[in-house]
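Chains, contacts and geometry: an overview
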Amino acid sequence: MEVREASARYVRATGYRQTEVGVIPEDWSVCRLGQIGQSLIGLTYSPMDVREYGSLVLRASNVQNGSIAFDDNVYVDMALPDRVLVQPNDILICVRNGSRDLIGKCALLDDRTKGMAFGAFMAVFRSSANRIVFHHFQSGVVKKQITQHLGATINQITNASLNSFLIPLPPTKAEQEAIAEALSDADALIESLEHLLTKKRHLKQGAMQQLLTGKERLPGFSEEWGVKRLGDMLTICHGKSQRGVESADGPYPILATGGRIGWATRFMYDKPSVLIGRKGTIDQPQYMETPFWTVDTLFYTVIHESNHAKFLYYRFCLIDWKQHNEASGVPSLNARTIENIQISSPGPEEQTAIASILSDIDTEIGTLETKLAKARNLKQGMMQELLTGRIRLV
């Protein structure tokens, strides 16, 4: 699915005026949500009402990336008043949560949710303009108002606050629907890329489980795998402080357990290497083929001859590193402990073949991630232009 060509559908708007929500076309209006619809409060229930089956109560966990998800559900067995039953085209909004960042996240409900309830930490906004209102909730105009209305000590927005939010609206239903349609096309593209990316990541995980453990063999390979210590395949080396080498103009990345944190004027190691956290984040292996510097909380490895670095990186990704944690406080790994871990491993040619297949999948994943990032940026740009009338649809 593709977003329709902008050049074929857009014309530049003329005639603007300044309003409480910014500059908008002269024929647009600024409306309070309470003028065009109503906000409804959710269901209050107790743990005694929760059942394995019953009426599903939509909560914040059921809102993922602007859509409804059914991966974490709660059911209740109790009488439900009509006011807590959702309808298709309702906007389900998180209005109270332990995390301020989750306040305001929302989803436009579809026919799948008909007859479901929504919880007390959620609200529903209901109006005939919800297709465009939903996109306003994802825009900076409404997000700014949410931030302004958040309580000082309690992370919540009230129904009164919701009803007071201001949004700009085009003068005709036809233009409202045209804007909503264009932005929904962008959402559909994003959703399709997200599904493809999830599918490809699952494919990679399955391929790793099969190929890296010898459960599935590649054509042309039949030699029995051997059990080896990691220490027979690589040497664990310590990183160092970046003091003395750190520079914004340096050509070499400085790596920590979470990835690059700066640049260095010289490198510590310049051959393919697998890296793993010594302290802190110990369960996120990294791989480098180009010269780098590592800090003292991140191990790097010298790969022994006849072993493939990328194969060992993928094999590191299958290890449950938390099982090898040697500290009760901040998680820590010991170099000798790592080197004593035993794995099954094929010969160098099969290592190379396996690493090549998994690298190809990684390349496909990277391509999809780039496309997804571009689609999200496109959607943001479209919202800024269309929801403020800077560009009009015709």
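Quick note: structure is the one above.
The structure presented is a predicted model; accordingly, all values stated were derived computationally and were not measured.

Structural notes on the overall build of the protein chain
Secondary structure summary: the protein chain contains nine helices and 25 strands in total. Against the globule reference of 21 Å for 394 residues, the protein chain gives a C-alpha radius of gyration of 27 Å, more extended than a compact globule. For the protein chain, the spread of C-alpha atoms along the principal axes amounts to about 70 × 55 × 45 Å. For the protein chain, buried positions account for 45% of its 394 residues. Counting contacts in the protein chain only where the partners sit at least 6 residues apart, residues at least 24 apart contribute 73% of the total. Looking at the protein chain as shown, the accessible area adds up to about 20100 Å², and 49% of this sits on carbon and sulfur atoms. Averaging the positions of the 43 positive and the 43 negative side-chain charges in the protein chain gives two centres separated by 5 Å.

Things to note about the sheet that holds strand S19 (residues 259-264)
Strand order in this open sheet of three strands is S19-S18-S22, and the pairing throughout is mixed. Either end of the sheet is taken by a strand with one partner, and the two such strands are S19 and strand S22 (293-294). As paired elements, strand S18 (residues 252-256) and S22 share two bridges and run parallel to each other. Within S22, the position partnered with Ile-254 by the bridge is Trp-293.

Digging into the packing of helix H6 (residues 173-211) against helix H7 (residues 309-318)
Running from amino to carboxyl end, H6 crosses H7 at an angle of 100°, the nearest separation of the two axes being 10 Å. Taken as axis vectors, H6 and H7 run roughly perpendicular relative to one another. Residues Lys-204, Gln-205, Met-208 and Gln-209 of H6 lie in contact with H7, whose contacting residues are Tyr-314, Cys-317 and Leu-318. For the contact of H6 with H7, the residue count by class is four nonpolar, two polar and one charged.

Here we look at the packing of aromatic side chains
What the rule picks out here adds up to seven aromatic pairs. Ring plane angle 80° and centroid distance 5.3 Å describe the contact between Tyr-252 and Phe-267, whose orientation is recorded as edge-to-face. On the criterion of sequence distance, the pair formed by Tyr-252 in strand S18 and Phe-267 in the loop between S19 and strand S20 (273-277) is long-range, its members being 15 residues apart. You can call Phe-267 partly exposed: its relative accessible area is 33%.

What to know about the sheet that holds strand S6 (residues 50-51)
Here we have four strands laid out as an open sheet, ordered S6-S10-S7-S13, and mixed in their pairing. Strands with a single pairing partner mark the edges of an open sheet, and in this sheet they are S6 and strand S13 (117-118). In this sheet, strand S10 (residues 74-76) lies alongside strand S7 (residues 55-58) in antiparallel orientation, the contact comprising three bridges. Within the sheet, the bridge partner assigned to Ser-55 lies in S10 and is Val-76.

Quick notes on the pattern of salt bridges
According to the stated counting rule, one finds 19 salt bridges in the structure shown. Linking Glu-364 and Lys-200 is a salt bridge whose minimum nitrogen-to-oxygen distance equals 2.7 Å. Of this pair, Glu-364 sits in helix H9 (residues 348-386) while Lys-200 sits in helix H6, and the two are 164 residues apart along the sequence. Linked through salt bridges whose partners overlap, the residues forming this network are Arg-131, Lys-173, Glu-177 and Glu-181.

Quick word on unusual backbone geometry
Phi at Asn-65 is positive, roughly 55°, even though this residue is not glycine. Within the secondary structure, Asn-65 is located in the loop between strand S8 (63-64) and strand S9 (67-68). Asn-65 sits in the exposed class, given a relative accessible area of 64%. The backbone of Asn-89 shows a phi angle near 85°, a positive value even though the residue is not glycine. Considering the arrangement of structural elements, one finds Asn-89 in the loop between S10 and strand S11 (91-94).

Some thoughts on the nonpolar core
Counting residues in hydrophobic clusters, the biggest one holds 55 residues, and the most contacted among them are Leu-92, Phe-118, Val-133 and Phe-137. Among the elements that make up this core, the one with the highest residue count is H6 (five residues). Excluding anything up to four places from it in sequence, Val-133 contacts Leu-33, Ile-36, Ile-91, Phe-125, Ser-127 and Ile-167.

Examining helix H4 (residues 140-149)
Val-142, Gln-145 and Ile-146 are the residues of H4 that are buried. Seen from one end, H4 has its buried residues packed into an arc of 105°, which puts them on one side. Facing away from the buried surface of H4 by more than 90 degrees, the exposed residues are Gly-140, Lys-144, Thr-147 and Gln-148. On its buried side, H4 packs onto helix H3 (130-137), helix H5 (159-164) and strand S15 (166-169).

A short note on the side chain of Glu-175
Tracing the chain through its elements places Glu-175 in helix H6. Glu-175 sits in the buried class, given a relative accessible area of 9%. Every residue in contact with Glu-175, bar those within four places of it in the chain, is listed here: Trp-28, Pro-170, Arg-392 and Leu-393.

Looking at the side chain of Gln-145
Tracing the chain through its elements places Gln-145 in helix H4. Assessed through its relative accessible area of 11%, Gln-145 is described here as buried. Excluding its chain neighbours within four sequence positions, the residues that come into contact with Gln-145 are Ser-164, Phe-165 and Leu-166.

Cut-off values and rules
- Residues numbered from 1 in each chain as written.
- Predicted model: local features only at pLDDT ≥ 70, side-chain atom pairs only at ≥ 80, totals over all residues.
- Heavy atoms only, no water.
- Helix = DSSP H or I, 4+ residues; strand = E, 2+ residues; numbered from the N terminus.
- Rg over C-alpha atoms; globule rule 2.2 N^0.38 Å.
- Buried < 20%, exposed > 50% of the residue type's maximum accessible area, 1.4 Å probe, protein only.
- Contact = heavy atoms within 4.5 Å.
- Areas by Shrake-Rupley, 256 points an atom, 1.4 Å probe, with all protein chains shown as cover.
- Lys, Arg positive; Asp, Glu negative; His and termini not counted.
- Charge placed at Lys NZ, Arg CZ, Asp CG, Glu CD.
- Pairing = 2+ DSSP bridges.
- Axes fitted to C-alpha atoms, helices over the stretch in contact; angles between N-to-C directions.
- Parallel < 35°, antiparallel > 145°, perpendicular 65-115°, else oblique.
- Nonpolar A, V, L, I, M, F, W, Y, C, P; charged D, E, K, R; others polar.
- Phe/Tyr/Trp six-rings, centres within 6.5 Å; stacked < 30°, edge-to-face > 60°.
- Salt bridge = Lys/Arg side-chain N within 4 Å of Asp/Glu carboxyl O.
- Core = buried A, V, L, I, M, F, W, Y, C linked by side-chain atoms within 4.5 Å.
- Arc of directions from axis to C-beta.

Honestly, that's just the spatial picture; any functional story needs more than this.
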